[in-house]
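The residues making up each chain are set out below.
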Amino acid sequence: MIESARRSECEEIQLAPLGQPTENPERSLGDATLFAEKRWLKILAGYRQPRAGRSAFELAVTVVPFVLFWAAAWAAVHYSFWPGLILVIPAAAFLLRLFMIQHDCGHGSFFARRRLDDWVGRTIGILTLTPYDYWRRAHAEHHASAGNLDERGVGDIETLTIAEYSALSRRGRLAYRLYRHPIVMFGIGPAWLFLFKQRLPFGMMRSGALPWVSTMATNLAIALVAALLIWAVGIIPFLLVHLPIVLLAGAAGVWLFYVQHQFEETHWSKKPDWQFQHAALHGASHYDLPPILRWITGNIGIHHVHHLSSRVPYYRLPEVLRDHPELADMGRITLMESLRCVKLVLWDEQTKRLVSFRDAARLAPAR
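Residues numbered from 1 in each chain as written. Predicted model: local features only at pLDDT ≥ 70, side-chain atom pairs only at ≥ 80, totals over all residues. Heavy atoms only, no water.

For the protein, the name recorded in an unreviewed UniProt entry is Omega-6 fatty acid desaturase (Delta-12 desaturase), with Rhizobium leguminosarum as its organism.

See the structure below:
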C-alpha cells in the first residue's frame, strides 16, 4: 500500500490516451464523464511547474511575519501587556500557512527539487511539530485512497457507514459519538495530534526505519529549539506564547482537513466503482473562502483540483479556476455552509451522502 501510494504521489496516475478503454468499463460513470476527467488530468499537467522566485517569496512572506508576531506576543508578556497576547492569533495563522508550505514540499511541488523540498519541509516540521518524512508517507496514502471505503484509516478522519455504526456495541457507538463531537474533533483532537501522537510514528511502527528516524530527529530538533527559546525568554513566557499558537494553528488545520472531505455531497465508494480521478474531483470540496483566508490557508480550499493533481503548487491553483471556471462550482461550499458540515458523521451507502446521527436514526426504520 505504501509503495502504491508513493508511486501515486510521483506520477499521480497513469494517463491513458483519450478514448482508450479503461480497466472497468462497467462502472457507473458515463463515458462523457470519463472523457472529461481524463482531459482534466492533461490540462492540469500544464500548471505543475513551480516558479522558484515565487516559491522563495512565498516562504519569506510567511516566515518573517510569523517570527515578528511571535516576538511581539513575547514582548507583550515580558512587559505585562496582556492584551498583546491577542497577537498569538496572527502568529497562529502564519504557522498554519507554514504548514501549507510544508504540505506542498511533501508533494514535491514547492520548488520541484526533491532534496530542497524535503529539507525545507523538515525544517518547517520543527515549528509545526510535524515529523516531515513520516507525515509525507501517511499523506501519500491519503491521496492514493481518498474516498475509497475499502481503504480508510491512515491520514483520514475516521468515518463509518450507517451499517458499520449500527453494528457497534453501545460502548462503540458512544466512543464514535465522542470522537466526532466538535469539542473532541477540533479541540482535544488537535492537541493530542500535534503535542503527543506525532511524537511516535503511530500507524507505521513496522514500516522500516524512515518513520522512526523522521519522528525522533524532529523530536530532538523540537527539544533543542524549545530549550534555546526557554533559555532566552523563560519557560512561562514560552508556554504562554508558543502553546496557544500551536493549538490554534492545529485546530484550524484539522478544521480545514475536515471540511475538505466531510461535506454532504462528497464521494465515497468501494472497488471496482472507486476510481482515482472521480474520487479526487467529487470527494474533495472547493472550500470557497474569503480572499484573506484563502491566502493564509495557501489556497488549500481548492482541494478537488489539488487531489486530482497534487503537483500543482498552491499558488497556481487559483490560475486553474481562473482559466477553467467550470471547476469552481464543483463541490463548492462557502464559509457559512461549512459550519453545517460538523453534524455530518455517517456515510449512507444507499443515498450516497453524509448524514447526521439524527438522519441516520430516522432512516433506520424505513430499511
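**Q** Looking at this structure, how should I read the overall build of the protein?
**A** Looking only at helices and strands, the protein has 17 helices and five strands in total. In the protein, which comprises 367 residues, the share counted as buried stands at 49%. Considering only contacts within the protein whose residues lie at least 6 apart along the sequence, 70% involve residues at least 24 apart. (Helix = DSSP H or I, 4+ residues; strand = E, 2+ residues; numbered from the N terminus. Buried < 20%, exposed > 50% of the residue type's maximum accessible area, 1.4 Å probe, protein only. Contact = heavy atoms within 4.5 Å.)

**Q** In this structure, what is going on with the environment of Gly106? I would like to understand it.
**A** Its place among the elements puts Gly106 in helix H4 (residues 88–106). Between the C-alpha atom of Gly106 and that of Asp133, which follows or precedes it by 27 residues, the distance is 7.9 Å. Apart from residues lying up to four places away in sequence, Gly106 is in contact with Arg114, Tyr132, Trp135 and Arg136.

**Q** Which parts of the structure should I look at to understand the pattern of salt bridges?
**A** A side chain of one charge can pair with a side chain of the opposite charge if their charged atoms are brought near each other. Under the counting rule described, the total for this entry stands at 15 salt bridges. Among the salt bridges present, the one from Glu58 reaches Arg97, with a minimum N-O distance of 2.6 Å. Residue Glu58 is located in helix H3 (residues 52–78), and its partner Arg97 is located in helix H4; the two are separated by 39 residues in the primary sequence. Looking at Arg97, the relative accessible area reads 1%, which means it is buried. One network of salt bridges, with partners in common, ties together Arg51, Arg316 and Glu319. (Salt bridge = Lys/Arg side-chain N within 4 Å of Asp/Glu carboxyl O.)

**Q** Would you take a moment to explain helix H6 (residues 132–145) for this structure?
**A** The periodicity of an α-helix, 3.6 residues per turn, causes residues three or four positions apart to be oriented the same way. Between the first and last C-alpha of H6 there are 20 Å, a value that for 14 residues agrees with the 20 Å anticipated at 1.5 Å per step. Taken across its 14 residues, H6 has 13 buried, putting it largely inside the fold. At the exit of H6 stands Gly147, carrying a positive phi of roughly 85°. (Expected span 1.5 Å × (residues − 1).)

**Q** Can you walk me through the sheet that holds strand E1 (residues 160–161) in this structure?
**A** Pairing between the strands of a sheet comes from backbone hydrogen bonds, and it takes one of two forms, parallel or antiparallel. Reading across from one edge, E1-E4-E5 is the order of the three strands in this open sheet, with mixed pairing throughout. In this open sheet, the two strands that pair with only one neighbour each are E1 and strand E5 (353–355). Looking at chain direction, E1 and strand E4 (residues 346–348) are connected through two bridges and run parallel. If you follow Thr161 over to E4, its bridge partner there is Trp347. (Pairing = 2+ DSSP bridges.)

**Q** Mind showing me how you'd approach the packing of aromatic side chains here?
**A** What describes a pair of aromatic rings is the distance from one ring centre to the other and the angle between the planes of the rings. The final tally for this structure, using the stated rule, is 14 aromatic pairs. Between the aromatic rings of Tyr165 and Tyr176, the centroid separation amounts to 6.0 Å while the plane-to-plane angle is 50°, which identifies the pairing as tilted. Of the two residues, Tyr165 is situated in helix H7 (residues 162–166) and Tyr176 in helix H8 (residues 170–179); the sequence distance between them amounts to 11 residues. The pair formed by Tyr165 and Tyr176 is uniform in burial state, with each residue classed as buried. Judged by centre distance (6.4 Å) and plane angle (35°), the rings of Tyr176 and Tyr179 are tilted. Residue Tyr176 and its partner Tyr179 are both found in helix H8; the two are separated by three residues, about one turn of the helix. (Phe/Tyr/Trp six-rings, centres within 6.5 Å; stacked < 30°, edge-to-face > 60°.)

**Q** What is the right way to read the environment of Leu200 from this model?
**A** Here Leu200 shows up in the loop between helix H9 (182–196) and helix H10 (209–233). Look at Leu200 and you get partly exposed, because its relative accessible area is 32%. Spatially, the C-alpha atoms of Leu200 and Trp212 are 7.4 Å apart, while their sequence positions differ by 12 residues. Those residues in contact with Leu200 that sit more than four places away from it in its chain are Tyr134, Met205, Trp212, Thr215 and Met216.

**Q** What is the right way to read the UniProt feature "transmembrane region" (unreviewed entry) in the protein from this model?
**A** As recorded in UniProt, the feature "transmembrane region" (unreviewed entry) lies at residues 56–75, 81–100, 178–197, 209–231 and 238–258. With 85% helix and 0% strand, residues 178–197 has its two end C-alpha atoms placed 18 Å apart. In the segment residues 209–231, helix accounts for 100% and strand for 0%; the C-alpha atoms at its two ends are 33 Å apart. (UniProt positions renumbered as here; feature names shortened; annotations may be inferred.)

**Q** In this structure, what is going on with the side chain of His261? I would like to understand it.
**A** Its place among the elements puts His261 in the loop between helix H11 (235–259) and helix H12 (276–283). Classification of His261 by relative accessible area gives buried; the value is 9%. There is a polar contact of 3.3 Å between the side chain of His261 and the side chain of His307. Setting aside anything within four residues of it in sequence, one finds His261 in contact with His142, Ala146, Thr266, Gly283, Ala284, His303, His307 and Leu354. (Polar contact = N/O pair within 3.5 Å; in protein donor to acceptor, adjacent residues only side chain to side chain.)

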